[in-house]
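# Per-entry structural report
Okay, here's what each chain looks like letter by letter:
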Amino acid sequence: MVGKIVVSLVSLVLLVGVIIGVVVVVHQNGDHKEDKNTKVQMKKVHEFCQAADFKDACAKSLEGVAKNESATIKDYLMAAFQNTVEEVKKGMEEARKTSVNKETDPYNHMAVDDCKQFLQFAIEELEDSLALVGETDIESLHEYTYDLLNWIGTVYSYQSICLDQLTTPEYKSVMEKGLTNATQLTNNAINIIAKMSEVLKSFNIQIPEGLLDSTNSSPHRRLLELNKIDQDGYPTWFPAADRKLLGKPSKKKGKGGAAPGGGAPLPPIGSGPITPHAVVAKDGSGKFKTVQDAIRAYPPNHQGRYIVYIKAGVYEEQVLIDKNQPNVFMYGDGAGKSIITCDKNVKLMKLSTTGCATVGVNSDGFLAKGITFRNTAGPAGEQAVALRISGDMAAVFDCSMEAFQDTLYYQTGRQFYRNCVISGTIDFIFGSGSCVIQNSEIILRRPKSKNCVTADGKELADKISGVVIQNCKIVADKEYYPDRLKLENYLARPWKKFSTNVFLENEIGDLIRPEGFMIWDNAKFHETCFMYEYGNRGPGAATNARNKVFKNYKVLSPQEATKYTVGTFLNANEWLPGTSAPYYVGLGGK
């Protein structure tokens, strides 16, 4: 009996040992499987974040999705955008908590208010991007790299503008700290989107051979409602009345094999069948006596164009078009006849650069024709903007912009200017958007010390933005002409690290110094910026003595120059045909 008990105990011990061994093996195998899955997921995170400048921030933002074994590239993109939205919202909360006394510090009071507004715009742009990614099949994501780059680039610009305008360390440091994570994640998003093809391939998603990404000449575009073009070349939201007003686009080819050009010019005012939504007249013959009153009358949830006719006269006022007022079309009786003017400025009135614009546009789809935008602050006011546009798909033609420093502010988004006259002194064409000025007259006025035509603010290498001056005349005004050679006049200087300033096929007067470009004081942006020329003519166009400190200066080949033409740089054929602005998409047009 005792023997049986001993044998039973031994058997029990052996059984327990076997069970423990099995449990240990199973546990170890489970750990091994879990470790393997973790390694696979971390590899995905690593590959996704490989293109990012701030890799640690990128990996941290993906901690949640990395735990999901079945996560796709779409899940990673969604997480990246969602985390960026959350960080911008945190920055927004910091801005809301920041209070500045308007009476004692009017400049920073306005600058902080600008921050609040721009960060709200940034959140909206990010949410649009998030929605686009969410609604798009994984295999089709590569088709939208240009759109996403355009949107996220605008988000980064909003953050940058917010910080740039704050001058007091007390407020600037708070906002910089609050936006650190947001700017890093936005930067990362731009890096990743710019290299979308490589990212997709790393997740074993095959894309069609030869597909052009955002850095090439013909990126695909999203086809959201605002961008859809019908068989006649108009956006699908264009009402029939607008079609009558704007005329049918020309189907002729431009020079050099260019794609179809823009629409026919507007008919003379009063001869067309259209009735504007609002008529502005100083003499009381219209419904409104001020332009701003006409803009305030923009109907809630209005669909299509909101057309404002501004009769001849001088309108002394500041005009602001809100973000929720898209597709405003303002036209006048001609530049020099219908004039909107004020003297708002930074130096004397302590306003922000954003807040001093005579006309400020925050909405998409803005059009203007036959109007003068003027700021009369003069050199003493320093920054004093005539026209500021912070919106996508803007077209301005047959207009004039008159000021001294900072005349035209292409703040964000794609903008096109044609048959315009733009005059000023230092950095008088500047911004962070994507701007092309074609077939216009660029006039330098008498400066306090030096003149500079453009100062682009591209902050990141992968961001789509820059300024292109094409087939324009660059000359001195009549009063400055006798002394034009006594002071220094330059084509451009770099406002930001990757400032991109391109001069194509222009007639450049003798007032432009042989060096062509000037450095930005107390910065090394000349080592990283891009100053390009192609096919310029005239006494100021010689390139042999251009400033050698600009390491990336280059005279472009025709193939390289094509990257900066309207058709490629702005994707013109997808939205300009519906604006009635004349244009040509390539090189050598008229």
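Below you will find a few notes about this structure. (Residues numbered from 1 in each chain as written. Predicted model: local features only at pLDDT ≥ 70, side-chain atom pairs only at ≥ 80, totals over all residues. Heavy atoms only, no water.)

Each packed pair of helices is defined by two parameters, the angle between the axes and the distance between the axes. Look at helix α4 (residues 73-97) against helix α7 (residues 169-194): their axes get within 8 Å of each other, and the N-to-C directions meet at 160°. Considering their axes alone, α4 and α7 lie roughly antiparallel with respect to each other. The two elements α4 and α7 meet at a crossing, and its hand is left-handed. Touching Leu77, Phe81, Asn83, Thr84, Glu87, Val88, Gly91, Glu94 and Ala95 of α4 are Val174, Met175, Gly178, Leu179, Asn181, Ala182, Leu185, Thr186, Ala189, Ile192 and Ile193, all from α7. Residues that form the contact of α4 with α7 fall into these classes: 12 nonpolar, six polar and two charged. (Axes fitted to C-alpha atoms, helices over the stretch in contact; angles between N-to-C directions. Helix = DSSP H or I, 4+ residues; strand = E, 2+ residues; numbered from the N terminus. Parallel < 35°, antiparallel > 145°, perpendicular 65-115°, else oblique. Left-handed = near helix turned anticlockwise from the far one by under 90°. Contact = heavy atoms within 4.5 Å. Nonpolar A, V, L, I, M, F, W, Y, C, P; charged D, E, K, R; others polar.)

Here we take up the packing of helix α6 (residues 145-165) against α7. The interhelical angle for the contact between α6 and α7, taken along N-to-C directions, is 165°, at an axis separation of 10 Å. With respect to their mutual orientation, α6 and α7 come out roughly antiparallel. α6 and α7 meet at a crossing whose hand is left-handed. Of α7, the residues touching α6 (which contributes Thr145, Leu148, Leu149, Ile152, Gly153, Val155, Tyr156, Gln159, Cys162, Leu163 and Asp164) are Lys172, Met175, Glu176, Leu179, Ala182, Thr183, Thr186, Asn187, Ala189, Ile190, Ile193 and Ala194. Of the residues assigned to the contact of α6 with α7, the class counts are 14 nonpolar, six polar and three charged.

In this structure, the largest pocket occupies an estimated 890 Å³ of space. Around the largest pocket, the lining comprises 31 residues; the ones closest to its centre are Gln383, Gln405, Asp427, Arg493 and Trp520. Mapped onto the lining of the largest pocket, the elements with two or more residues apiece are α6, β16 (426-431) and β19 (450-456). (1 Å grid on protein atoms, 1.4 Å probe; cavity = no way out; pocket = protein on both sides within 12 Å on 5 of 7 lines; lining within 4 Å. Points joined across faces, edges and corners; volume = space filled by probe spheres on them.)

Right, let's talk about the state of the cysteines for a bit. In the structure shown here, the tally under the stated rule is two disulfides. Here Cys115 engages in a disulfide with Cys162; their sulfurs sit 2.0 Å apart. Here the disulfide of Cys115 and Cys162 is right-handed, its torsion about the S-S bond being about 100°. Taken together, the positions of Cys115 in helix α5 (residues 106-134) and Cys162 in helix α6 put the pair 47 residues apart, joining distant regions of the chain. For Cys115, a relative accessible area of 1% translates into the label buried. Residue classification places Cys162 among the buried residues on the basis of a relative accessible area of 1%. For the protein, the bonded cysteines connect in the pattern 1-2, 3-4 when numbered consecutively along the sequence. Free cysteine: Cys356, not disulfide-bonded; nearest cysteine sulfur from Cys342 at 8.0 Å. Free cysteine: Cys399, not disulfide-bonded; nearest cysteine sulfur from Cys420 at 5.3 Å. (Disulfide = S-S within 2.5 Å. Buried < 20%, exposed > 50% of the residue type's maximum accessible area, 1.4 Å probe, protein only.)

Interpretation note: all reported values are geometric properties and have no functional meaning in isolation.
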